[in-house]
Amino acid sequence: MSTVLEMPKRRDVLAVVLIVLPWTLLITVWHRSAVAPMLAIPKERPVVRQQRPADDRSEVQHEMAIAPVTSKERCSPERDIVEVVRTEYVYTRPPPWSDTLPTIHVVTPTYGRPVQRAELTRLANTLLHVPNLHWILVEDAARPTALVGRLLRNTGLNYTHLSVETPRGYKSRADARDPRIPRGTVQRNLALRWLRETLGSNSTQRGVVYFADDDNTYSLELFEEMRSTRTVSVWPVAFVGGLRFESPRVNAAGKVYGWKTVFDPHRPFAIDMAGFAVNLRLILLRPQAYFKLRGVKGGYQESSLLRELVTLSDLEPKAANCTKVLVWHTRTEKPVLVNEGKKGFTDPNVEI
Amino acid sequence: MRLRFKLKTVFILYFTVSLLGLMYALMHLGQHCECSEHDMTKDRTISRLLGKLHSLQGHTKKEPTKPHLPTIYVITPTYARLVQKAELTRLSQTFLHVPQLHWIVVEDSSQRTDLVSHFLEHSGLVFTHLHIPTPQDRKLQEGDPNWLKPRGVEQRNEGLRWLRENIWVGEAAEGAVYFADDDNTYSLQLFEEMRWTQRVSVWPVGLVGGMRYEGPVVEQGRVVRFHTGWRPSRPFPLDMAGFAISLRLVLRNPEARFDGNSPMGFVESSFLQGLVTMEELEPKAEMCTKVLVWHTRTEKPKMKREEALQAQGLGSDSKVEV
């Protein structure tokens, strides 16, 4: 009797082992391949630069270097700074173009004023770190200016230089901060039109469109967050609406259901221009979607575009479910040029 | 009998499930996979590894030894305010492009703040994090115009002190020291211009002194006077961002520092006087005809609504770092 019972037991055990073993192996292997790439992200930011002719993207000369690891202060003279020799050129080039990363099309309206070149210079220094970036700079001018053209060429960025002058009736007066006349609208619409005309509605290119004003501050993390946008993604923005930051309200299921703002939180999309990005396909599929020019109340400009593209429930919250601030709505002071006097004291040929 | 039956069922179940799984995988073989995030990180890893590979290949090739690049020591005084993190962020994005740069950040604080510490650790730059508080009587009070008292004096002096204590004069002390405020704008070319400073090099600064730009006037390769809209009789009517001093000069003159008690606009002169004469200045930026740095200032963000909310206890989440 006992032998009859024992053998089936052993068979049982064998059977169970044979069943469980391959599944555990499978699950382990699957887990490792899914998690490992995430773990492999290094702490330091790799700056991969290469020398290449500014216009030729296909020719890649291999001269790359990597940023040094940070050093802790108060070390002995034998500091463990890991430094890599860099090639010595003045202007760096953007990271090499990748065939798998979606392109980020950054639309920046700009206008001539004393701080313009400074603003564009530091914005370019930021954008030079972002791979697969296409900068669409739209000037508020009748023709593209030489100042901006030269700046763009010198940066080595992948860019498109457009210009359109805001019609007289909509231009805000020199010093007036009149919120009823949204600045940059005509320029942003031109960029949208350019994208639609250049790429066509059947384009299979993967991309994201982001509206970046030239005086804000952007962290590099922001661009990587927005790259995976499928419809419209949103995140908090600092220093808007009279608050430390404004952000979307996200529920436990990861869906946006409202807006954490004081200024008119009942707007369809109570968000700043810098707080969202749109998938390129959505822009191309809805060719009638533009920013509204006429009759837009202050703060409703973003809604005028977004309501044609997406509903609240389709929004994708980024920046750790909208808990981190990755973009700041900084504004630059207007410089005091009182000593220039009426005739201008400094040499007007010196470009500032 | 019962046992065998149970086993058979288990095996049948097992094989059915595996078969279904296989069919599912086969069906999804040709379709677009939602693994863009994986691709991106893999891609980044690949670019990084490629870069390492090429730099290593470069080392093994026979090359003429490149001249060692002198280090640029950038001293930035900073203080806590709403826009601090934003300013430091965009400043670091510029510095990341400059080779051989050592950033010395000096906080106006009695201790190192978490915000700046974390920021520097993740910036990717070579840095030194110092701190020294400004004495109360030298601090600007609420409502004071920003030109009333010179700012950052103690912090810059602290940066100089650190350099003198930690860099040995004998150690082929090549390099330049530059005082970069955290709200100015710097072009990349500026750093290459200042890198080879022998004594003190100078260049124009945009948007300062109430003018489009302010700077030295150069004739026949030498600085002859200064173009400025305000008190041109100062020994060195320059802005802090308009000059760089060689490391050697800093180390060999341990007494040279900024004088916080000097009258308005004379802080730079208080440092440079005794170190160099106008004739010895090295003009950069194409004989001081190009503007490569701008004295931008960032507006203080309007917080009226925030303050109103905080009075009600409903302010934005203070745990979120801005």
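Computed from a predicted structure; not experimentally measured.

(A) Quick look at the pairing of strand β8 (residues 213–219) of chain B. Residues and elements named next belong to chain B. Burial runs high along β8: five of the seven residues are buried. Between strand β7 (residues 205–206) and β8, which follow one another and run antiparallel, lie six residues, and L207 among them has a positive phi close to 60°. Both β8 and strand β9 (residues 222–227) contribute to a ladder of five bridges, which runs antiparallel. The residue bridging G215 from the neighbouring strand is H227, located in β9. A loop of two residues connects β8 with β9, the two strands running antiparallel in sequence, and Q220 in this loop sits at a positive phi of about 50°.

(B) Expanded view of helix α3 (residues 146–155) of chain A. All names here are of chain A. Restricting attention to buried positions, one finds in α3 the residues V148, G149, L151, L152 and T155. One side of α3 holds all its buried residues, which, seen down the axis, span an arc of 165°. Opposite the buried face of α3, at more than 90 degrees from it, the exposed residues are A146 and R153. Where the residues of α3 are buried, they touch α2 (116–127), β2 (133–139) and β3 (159–163). Remark: G156 follows α3 within two positions and exhibits a positive phi of approximately 80°.

(C) Structural view of the pairing of strand β9 (residues 256–260) of chain A. Residue and element names in this part refer to chain A. Bridge analysis of strand β8 (residues 245–250) against β9 gives four bridges, and the strand direction is antiparallel. What sits directly across from P248, in β9, is W259. Taking the residues between adjacent antiparallel strands as the criterion, β8 and β9 are bridged by five residues, where G254 takes a positive phi near 80°.

(D) Geometry of the pattern of salt bridges. Within this structure, the stated rule accounts for 20 salt bridges over all chains. We note a salt bridge from A:E333 to B:R297, for which the minimum N-O separation is 3.3 Å. Taken together, the residues A:E333 in the segment after β12 (327–328) and B:R297 in the loop between β12 (293–294) and α10 (304–311) connect one chain to another. Of the charged contacts in the structure, one is a salt bridge between B:E165 and B:R161, with a shortest N-O distance of 2.7 Å. A residue pair is termed a helical-turn pair when its members lie 3 or 4 positions apart in one helix, as B:E165 and B:R161 do in helix α5 (residues 153–166) at four residues. Relative accessible area serves as the criterion here: at 48%, B:E165 is assigned to the partly exposed category. Given the relative accessible area of 31%, B:R161 is considered partly exposed. In this structure, a network of salt bridges that share partners links the residues B:E158, B:R161 and B:E165.

(E) Representation of the packing of aromatic side chains in the model. Residue and element names in this part refer to chain B. Under the definition given, this model contains 20 aromatic pairs over all chains. For the ring pair F95 and F191, a centre distance of 5.7 Å and an interplane angle of 85° mean the geometry is edge-to-face. A residue pair is termed long-range when its members are at least 10 positions apart, and F95 in helix α3 (residues 84–95) and F191 in helix α6 (residues 188–194) qualify at 96 residues. Of the two residues examined, F95 and F191, each falls in the buried class.

(F) Local environment of the side chain of B:E158. Residues and elements named next belong to chain B. Structurally, the position occupied by E158 is in helix α5. Within the structure, the side chain of E158 is placed 2.8 Å from the side chain of R161, a separation counted as a polar contact. With residues up to four places along the chain from it excluded, the contact list for E158 reads V106, L130, H131 and I132.

(G) Structural context of unusual backbone geometry. Phi at A:F239 takes a positive value of approximately 65°, unusual for a residue other than glycine. Its location among the elements puts A:F239 in the loop between β7 (237–238) and β8.

(H) Seen up close, the packing of α2(A) against α3(A). Residues and elements named next belong to chain A. Between α2 and α3, the shortest axis-to-axis distance is 11 Å and the interhelical angle comes to 20°. If you check the angle between α2 and α3, you find them roughly parallel. For the element pair α2 and α3, the recorded crossing hand is right-handed. Counted together, Q116, R117, L120, T121 and A124 of α2 and L147, V148, L151 and T155 of α3 form the full contact between these two elements.

(I) Geometry of a nonpolar patch on the surface. On the surface, a cluster of nonpolar side chains totalling about 370 Å² of accessible area is made up of A:V13, A:V17, A:L21 and A:L25. For A:L21, the location among the structural elements is in helix α1 (residues 2–39).

Rules of the game
Residues numbered from 1 in each chain as written. Chains lettered and ligands numbered in written order. Predicted model: local features only at pLDDT ≥ 70, side-chain atom pairs only at ≥ 80, totals over all residues. Heavy atoms only, no water. Buried < 20%, exposed > 50% of the residue type's maximum accessible area, 1.4 Å probe, protein only. Helix = DSSP H or I, 4+ residues; strand = E, 2+ residues; numbered from the N terminus. Pairing = 2+ DSSP bridges. Arc of directions from axis to C-beta. Contact = heavy atoms within 4.5 Å. Salt bridge = Lys/Arg side-chain N within 4 Å of Asp/Glu carboxyl O. Phe/Tyr/Trp six-rings, centres within 6.5 Å; stacked < 30°, edge-to-face > 60°. Polar contact = N/O pair within 3.5 Å; in protein donor to acceptor, adjacent residues only side chain to side chain. Axes fitted to C-alpha atoms, helices over the stretch in contact; angles between N-to-C directions. Parallel < 35°, antiparallel > 145°, perpendicular 65-115°, else oblique. Left-handed = near helix turned anticlockwise from the far one by under 90°. Patch = residues over 30% accessible without salt bridge, like charges linked within 9 Å, V, L, I, M, F, W, Y side chains within 5 Å. Areas by Shrake-Rupley, 256 points an atom, 1.4 Å probe, with all protein chains shown as cover.

By themselves, these observations are geometric and do not establish any function.
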